[in-house]
Amino acid sequence: MASLFTLRRTKRVSGAAYLAVSQAILIALGYVTHVLVGKIGGPPLYGVYGVVISLMSIINMLLTLGIPVAASKETAEDEANSGGVFLSALRLQFVFAAVLSVGTFLLAGMFATLLGDPRLTPLIRFSALIFPSTALYSLLANYFNGLHAFAAQARLTVLYAIVKLAGSVGFLFLFRSVAAALSGFIAGGLAATAVGFLQAWPSIRGRIQRTIPPRRLFVFAGSFMGISIALQILMSLDLFLVKRFLQDNTLVGYYNAATTIARIPYFILQGLGFVFLPSVARLFKEDLTRARTFIRDVFRYLFLFLAPMTALAATTSKALLNLFFSAEYHPAARPLTLLSIAFGFLSAFYLLSTIAAGAGKPKIPLRIAWTL
């Protein structure tokens, strides 16, 4: 049992393997959740679920890809004070989570009106409960990332994915509602937070030298978070428009199925980005030549990965829909073909943005992202 809660440093290559596997599991179980929600609830329920999840994801990014990623970078650059970095980030994360939860609850009616369906109001309010449960989990995972404890981060990710799947599908099977399907996010966040804190506390307690000025965390977090939010809005805006103008939950369900499959490369590269950001930050601080070599290798393997995957998804859309969902979702085949190509380019841009952020240049991809 003691070894389970021991933090061990992991090399970059093996760390990338750990996180790639854990991200693959997270994606796979996430897609199992989507498939089962689509199968159990049918296209109308799945369409509403997809709209609420997309809105929630944009807001939740402020918590998962803001302060936590800044803490990962600061931890990688100053391990001796990693506990001080964590405690400084924790205070900001708690405040941020509270503000986002209250704001989402109060503005739920406005969001529902913009989407053309006031019936979404209670579901959006329910989604506000998810933010506090995932805030600390995200911070802990990125703390492990900054320490290069990639195996610990991978285990935490897998735990979150398993509990989230069990909670979402279990509650949906019992209560057959969108709120029941959303409950898995709360269960997964709470479980991962409890285990992650037990594992992280000895390291945090032993490495507290000084606190980090909030502004230092906010400056980096704001730039990196701005990139991710811009991309998430870009990836979700089409689904929102389908919901707003077509007002047919079945059509929304079809389109959500196409989007779900097309995003697979993006989520895989997002996981690799968690490895590259602290690695690039440390290499740029220690050895500029090695940093440039590392980035060139990333470029090479990025395109070797993306080209065949994008081509496969674009040319086998009906088969993929049948594999992940059912023949009932075949009307989504043409949107899936187009979305596969679009998400291939977005995936490449995201990973390159992460590398730029690790190199201390987050404002360049930020400006590009918001002009898209």
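Before reading on, note that the structure itself is shown above.
Chemist: Which parts of the structure should I look at to understand the nonpolar core?
Modeler: Generally speaking, soluble globular proteins have nonpolar side chains that are buried together. The biggest cluster of nonpolar side chains holds 97 residues, and the ones touching the most others in it are Tyr49, Phe86, Leu120, Ile261, Leu321, Phe324 and Phe325. Among the elements that make up this core, the one with the highest residue count is helix α1 (residues 12–64) (20 residues). Not counting residues within four places of it along the chain, the set of residues in contact with Leu321 comprises Ala257, Ile261, Ser326, Tyr329, His330, Ala332, Ala333 and Leu336. One finds Phe294, Ile295, Val298 and Ile355 within the second-largest nonpolar core, a separate group that totals 6 residues.

Chemist: How should I be thinking about the packing of helix α3 (residues 82–114) against helix α5 (residues 130–146) in this particular structure?
Modeler: Interhelical geometry of α3 versus α5 gives an angle of 155° and a closest axis separation of 9 Å. Relative to α5, the element α3 is oriented roughly antiparallel. α3 and α5 meet at a crossing whose hand is right-handed. Residues Ser82, Gly83, Phe86, Ala89, Leu90, Gln93, Ala97, Leu100, Ser101 and Thr104 of α3 form the contact with α5, whose participating residues are Phe131, Pro132, Ala135, Leu136, Leu139, Leu140 and Tyr143. Grouping the constituent residues of the contact of α3 with α5 by class yields 12 nonpolar, 5 polar and no charged.

Chemist: Sorry if this is basic, but what is going on with unusual backbone geometry here?
Modeler: With glycine set apart, most residues show a phi of negative sign, and most peptide bonds adopt trans. Even without glycine at this site, Arg176 takes up a positive phi of about 50°. Inspection of the secondary structure assignment puts Arg176 in the loop between α6 (150–175) and α7 (178–205).

Chemist: I keep staring at the pattern of salt bridges and nothing clicks. Help me out?
Modeler: The full count for this structure, using the stated rule, is 2 salt bridges. A salt bridge links Arg119 to Asp117, with the nearest nitrogen and oxygen atoms 2.9 Å apart. The exposed category is assigned to Arg119, whose relative accessible area is 62%. The salt bridge partner of Lys243 is Asp117, with a shortest N-O separation of 2.9 Å. A residue pair is termed long-range when its members are at least 10 positions apart, and Lys243 in helix α8 (residues 214–246) and Asp117 in the loop between α3 and α4 (121–127) qualify at 126 residues. Since its relative accessible area comes to 5%, Asp117 is described here as buried. Connected via shared salt-bridge partners are Asp117, Arg119 and Lys243.

Chemist: For this particular structure, what's the right way to read the packing of aromatic side chains?
Modeler: How two aromatic rings sit relative to each other is set out by the distance from centre to centre and by the angle between their planes. All told, the structure shown has 9 aromatic pairs when counted by the stated rule. Between the aromatic rings of Tyr46 and Phe325, the centroid separation amounts to 5.5 Å while the plane-to-plane angle is 50°, which identifies the pairing as tilted. Of this pair, Tyr46 sits in helix α1 while Phe325 sits in the loop between α12 (317–324) and α13 (333–358), and the two are 279 residues apart along the sequence. Residue Tyr46 shares its accessibility class with Phe325, and that shared class is buried. When the ring of Tyr254 is compared with that of Tyr329, the centres are 6.0 Å apart and the planes differ by 85°; the resulting orientation is edge-to-face. Highlighted residues: Tyr254 in helix α9 (residues 249–262) and Tyr329 in the loop between α12 and α13, separated in sequence by 75 residues.

Chemist: I would appreciate a short explanation of the side chain of Thr33 in the present structure.
Modeler: Structurally, Thr33 is set in helix α1. At a separation of 2.9 Å, a polar atom in the side chain of Thr33 contacts the main-chain carbonyl oxygen of Leu29. Once residues lying within four places of it in the same chain are set aside, the contact partners of Thr33 are Tyr49, Leu165 and Ser168.

Rules of the game
Residues numbered from 1 in each chain as written. Predicted model: local features only at pLDDT ≥ 70, side-chain atom pairs only at ≥ 80, totals over all residues. Heavy atoms only, no water. Core = buried A, V, L, I, M, F, W, Y, C linked by side-chain atoms within 4.5 Å. Buried < 20%, exposed > 50% of the residue type's maximum accessible area, 1.4 Å probe, protein only. Helix = DSSP H or I, 4+ residues; strand = E, 2+ residues; numbered from the N terminus. Contact = heavy atoms within 4.5 Å. Axes fitted to C-alpha atoms, helices over the stretch in contact; angles between N-to-C directions. Parallel < 35°, antiparallel > 145°, perpendicular 65-115°, else oblique. Left-handed = near helix turned anticlockwise from the far one by under 90°. Nonpolar A, V, L, I, M, F, W, Y, C, P; charged D, E, K, R; others polar. Salt bridge = Lys/Arg side-chain N within 4 Å of Asp/Glu carboxyl O. Phe/Tyr/Trp six-rings, centres within 6.5 Å; stacked < 30°, edge-to-face > 60°. Polar contact = N/O pair within 3.5 Å; in protein donor to acceptor, adjacent residues only side chain to side chain.

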